[in-house]
Each structure stands twice: as C-alpha cells, then as structure tokens.
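Commentary on secondary and tertiary structure
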Amino acid sequence: MRYRVTLLEGDGIGPEVTGATCRILAAAGAPIDWEKAPAGGEAMERYGVPMPEVTLQSIRNNRLGLKGPLMTPKGGGFRSANVTMRQELDLFVGLRPVKALPNVPGAWPGLDLVLFRENTEDLYAGIEHEVTPGTVVSLKTSTTKAGERISRWAFEYMRYRGRRTIHCCHKAPINPLADGAFLAAFRAVGAEYPYIEQLDVGVDTLSLFLPMDPSRFDVLLLQNLYGDILSDLCAGLAGGLGVVPGANIGSKAAVFEAVHGTAPDIAGQGKANPLAVLLSALMLLEYVGEWKVAGRIERAVWDVLGAGKHLTGDLGGKAGTVEFTEAIIDAL
C-alpha cells in the first residue's frame, strides 16, 4: 500500500529540510507519493493568503500532510497559517514527543516526555475586541467537548505506547470555570483508564519543576496557550526546536510538522538541520503503521548522531544539509 501525502515545503529553510527528508524517506523505501501544495510566502503570491483553500482541500483529500516552517505576513491582518490549518481542519491534537538524542548540545540526559496540547480553543479562538478606547478584551474559550476528546486521545496514546503517568496542567484556582472545565473533563475521561496514574499540576509549578528535573514527568496534557509555551520549554530541554518533531491530528486528517522557524538568515546556504522535519516524518510513518521503515530511519539517525562525524552547525559540527542527509542515507 502507498500513501499520498500533501507536502508543504515551507519558507526560508523549508524547501531544504523537507527536500532532505524526502530523499531519506525515498532511500528507506517509504511508500509515500508526495503532492506539493502552496503555503506561506508562495501562497501569498498566488492566492493572497498564507493558507489557501486549495491546500486545505489537498490535506482533506489525502488525510495526511508533512509541513515545513511557514511565515505569516506581519501587520496585514492575516491569521497565522498554522492556526488557520488547525482550526479549518479541526486538528485538535497537538502532539510533541521530546526525547534526548545523542550528541545534541544542551539535551537533558535521558529526557523522554510526551506533551499533548489542545489545539483549537483557549485564547487561540481569536475572540477579542476593544470595549473602550485603550481597553481590549480577549476571550478564553473552554468546552467540555474539547477537553474530553483531547484527554481521550492522550489516554489511548498512553495505552498503546505503554506510558503510565499523566499530568493535567491548569490554573484552575485563577480560572475556576475555564481551566476547571478542562480539568473536570480530564478526570471524567480518566475514570475509564484506572490503570494509568492521573495527576494534575499548576502551570506555574510545572514551569518550575520541568527545568529542574523533567524525569519526574511522563505525559503532559495542556490547554492551547500553556501547551504552546511549555512545549517550547520542553524543546529547550532536548537541545532546541531544531531537534524535536510535532504533529497536529484530528479525526479526519493529520499534519506532521517542524516546529522551528523559517531561519531566513541561513536560508539557501545549505546549513540547515533537517532533523525536526525528518523526525516528524517518522511520526507520520508510525501513524499509518509503517513501523518497520520508521525504525530503520530512526536507527540510522541515532547512528549518525552517535558517531558525531557529520553533524550540522547547530549540533556543534561542520556538516551541511546535504552531507548530513547523505550520512543518514549511507547509514541505512
């Protein structure tokens, strides 16, 4: 069986890192046929918006997407391409596994966390207005439905992956209705999974203890804003945004993505590290059940990183994108 996947190459270093990823997947025999679709700067030129309907429809048709980093025009009233994609396709699960890799500077030894972020509500609903001159009100939305479905997705993931402890992050003492509803939904769904340890923690407390000792945590469940902030903190524990994968998953589609920026300062210079996109592509392969191919590529990545001879500049080496890519292909 082959899978047709929508490819959003991205802006800045996007085409370089997605191109490297496609080469590696082809060398490993991944059964993927790519369908390129415009997004970001390319889409702005052709359609006037960074996430056009033609691209959204491609993802709807294929049910799968791989995305490089995208730019969003500043000051023009454009909604983020990423937020548009998540809301229009109802990709309510933000999944960010964070794991320490060999020879990555700054990585916390033995780090192995999974973070779930509710992707569609909270302040990202974009409901705000100026009530009087100089006074703006932004509304935080929190529904039982959203809390229950992200909680169930997290518990099911844990059941199949052998994870045993989950912390629900909140600020219920300050927002007893909004955060309280999310916490109540978590507990209601959790009652169906008595074999999984279920705890809750304040977002401030979590922010304190994560940098001190992330090993005390296994799986984290967070609302949109908290998840956005703390997922980047967790990425810092792994060595940075350039070495962590991400996914946005809904009931009818899933898009796997690099979570770092477009890095325009090094775009086109052949210096970019493709690891984030590549690891996201491995998540895609696992999602469709291609575990064997994903495992082969993962072992090759660990071999290359462990050897330390072909590391990109952000990892302390001198290799370029092509040299790093070819080293992984050779390791296959």
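Refer to the structure presented above.
Residues numbered from 1 in each chain as written. Predicted model: local features only at pLDDT ≥ 70, side-chain atom pairs only at ≥ 80, totals over all residues. Heavy atoms only, no water.

1. Some words on the nonpolar core
Phe-116 and Ile-297 are the most contacted members of the largest nonpolar core, which totals 87 residues. Examining the composition of this core, we find that 10 residues originate from one element, helix α9 (residues 275–287), more than from any other. If near-sequence neighbours (up to four positions away) are discounted, Ile-297 is found in contact with Ile-24, Leu-25, Ala-28, Leu-278, Leu-282, Leu-285 and Leu-332. Leu-8, Met-51, Leu-89 and Val-255 belong to the second largest nonpolar core, which has 12 residues in total. (Core = buried A, V, L, I, M, F, W, Y, C linked by side-chain atoms within 4.5 Å. Buried < 20%, exposed > 50% of the residue type's maximum accessible area, 1.4 Å probe, protein only. Helix = DSSP H or I, 4+ residues; strand = E, 2+ residues; numbered from the N terminus. Contact = heavy atoms within 4.5 Å.)

2. Quick word on the sheet that holds strand β1 (residues 3–8)
Strand-to-strand pairing in sheets goes through backbone hydrogen bonds, with the strands running parallel or antiparallel. As summarised here, the arrangement of the 10 strands in space is β2-β1-β3-β12-β11-β4-β5-β10-β8-β9, forming an open sheet in which the pairing is mixed. Looking at strand neighbours, the two that pair on one side only are β2 (32–36) and β9 (197–202), the edges of this open sheet. Averaged over all neighbouring strand pairs, the angle between strand axes comes to 25°, with direction disregarded. With four bridges connecting them, strand β3 (residues 64–67) and strand β12 (residues 254–258) associate as parallel partners. Its bridge partner being in β12, Leu-66 is matched across the sheet by Phe-256. Sitting on the sheet, helix α4 (residues 81–88) touches β3, β5 (112–118), β11 (245–249) and β12, and the angle it makes with β12 is about 160°. (Pairing = 2+ DSSP bridges. Axes fitted to C-alpha atoms, helices over the stretch in contact; angles between N-to-C directions.)

3. Digging into the pairing of β1
Taken across its six residues, β1 has five buried, putting it largely inside the fold. Examined bridge by bridge, β1 and β2 share five bridges and lie parallel to one another. By the bridge assignment for β2, Arg-4 is matched with Asp-33. With respect to chirality, the unit in which β1 leads through helix α1 (residues 14–27) into the neighbouring parallel β2 is right-handed. The pairing of β1 with β3 spans three bridges and is classified as parallel. Directly across from Leu-7, in β3, lies its bridge partner Leu-66. (Right-handed = clockwise from strand over helix to strand, strands pointing away.)

4. Quick notes on the side chain of Arg-117
One can find Arg-117 in strand β5. A distance of 2.7 Å separates polar atoms of two side chains, one belonging to Arg-117 and the other to Asn-224. Among residues more than four places away in sequence, those in contact with Arg-117 are Arg-86, Phe-92, Val-93, Gly-94, Tyr-124, Ile-150, Leu-222, Gln-223, Asn-224, Gly-227 and Asp-228. (Polar contact = N/O pair within 3.5 Å; in protein donor to acceptor, adjacent residues only side chain to side chain.)

5. Brief notes about unusual backbone geometry
Negative phi characterises most residues that are not glycine, and trans characterises most peptide bonds. Phi at Arg-63 is positive, roughly 70°, even though this residue is not glycine. With respect to the helices and strands, the residue Arg-63 is situated in the loop between α3 (53–62) and β3. Of note, the phi angle at Asn-103 is positive, near 60°, even though the residue is not glycine. Within the element layout of this structure, Asn-103 appears in the loop between β4 (93–99) and β5. Classification of Asn-103 as partly exposed rests on a relative accessible area of 41%.

6. Things to note about the packing of helix α7 (residues 203–212) against helix α8 (residues 224–238)
Running from N to C, α7 and α8 point in directions that differ by 5°, and their axes come no closer than 10 Å. On the basis of the axis angle, α7 is roughly parallel to α8. Seen from α7, the contacting residues are Val-203, Leu-206, Ser-207, Leu-210 and Pro-211; seen from α8, they are Tyr-226, Leu-230, Leu-233, Cys-234 and Leu-237. Within the contact of α7 with α8, the residues separate by chemical class into nine nonpolar, one polar and no charged. (Parallel < 35°, antiparallel > 145°, perpendicular 65-115°, else oblique. Nonpolar A, V, L, I, M, F, W, Y, C, P; charged D, E, K, R; others polar.)

7. Regarding the packing of aromatic side chains
The tally for this structure, following the rule as stated, stands at seven aromatic pairs. For the pair Phe-116 and Tyr-157, a centre-to-centre distance of 5.2 Å together with 80° between the ring planes defines the contact as edge-to-face. Of this pair, Phe-116 sits in strand β5 while Tyr-157 sits in helix α5 (residues 144–161), and the two are 41 residues apart along the sequence. Relative accessible area serves as the criterion here: at 0%, Phe-116 is assigned to the buried category. Residue classification places Tyr-157 among the buried residues on the basis of a relative accessible area of 12%. Aromatic pair Tyr-193 and Tyr-195: ring centres 6.2 Å apart, planes at 75°, arrangement edge-to-face. On the basis of relative accessible area, Tyr-193 is assigned to the buried category, the value being 5%. Put simply, the rings of Phe-155, Phe-186, Tyr-193 and Tyr-195 pair up and form one aromatic cluster. Over the aromatic face of Tyr-124 sits the side chain of Arg-117, whose NZ or CZ is 5.2 Å from the ring centroid. (Phe/Tyr/Trp six-rings, centres within 6.5 Å; stacked < 30°, edge-to-face > 60°. Lys NZ or Arg CZ within 6 Å of the ring centre and 35° of its normal.)

8. Details of the pattern of salt bridges
A pair can form between side chains of opposite charge whenever their charged atoms are brought close. Following the criterion strictly, the structure yields 19 salt bridges and no others. Between Lys-140 and Asp-122 there is a salt bridge, with the nearest N and O atoms lying 3.9 Å from each other. Pair noted here: Lys-140 is in the loop between β7 (135–138) and α5 and Asp-122 is in the loop between β5 and β6 (128–132), with a separation of 18 residues, a long-range link. Judged by its relative accessible area of 25%, Lys-140 falls in the partly exposed class. For Asp-122, a relative accessible area of 2% corresponds to the buried category. Each of Lys-67, Arg-86 and Glu-257 takes part in salt bridges that share partners, so that together they form one network. (Salt bridge = Lys/Arg side-chain N within 4 Å of Asp/Glu carboxyl O.)

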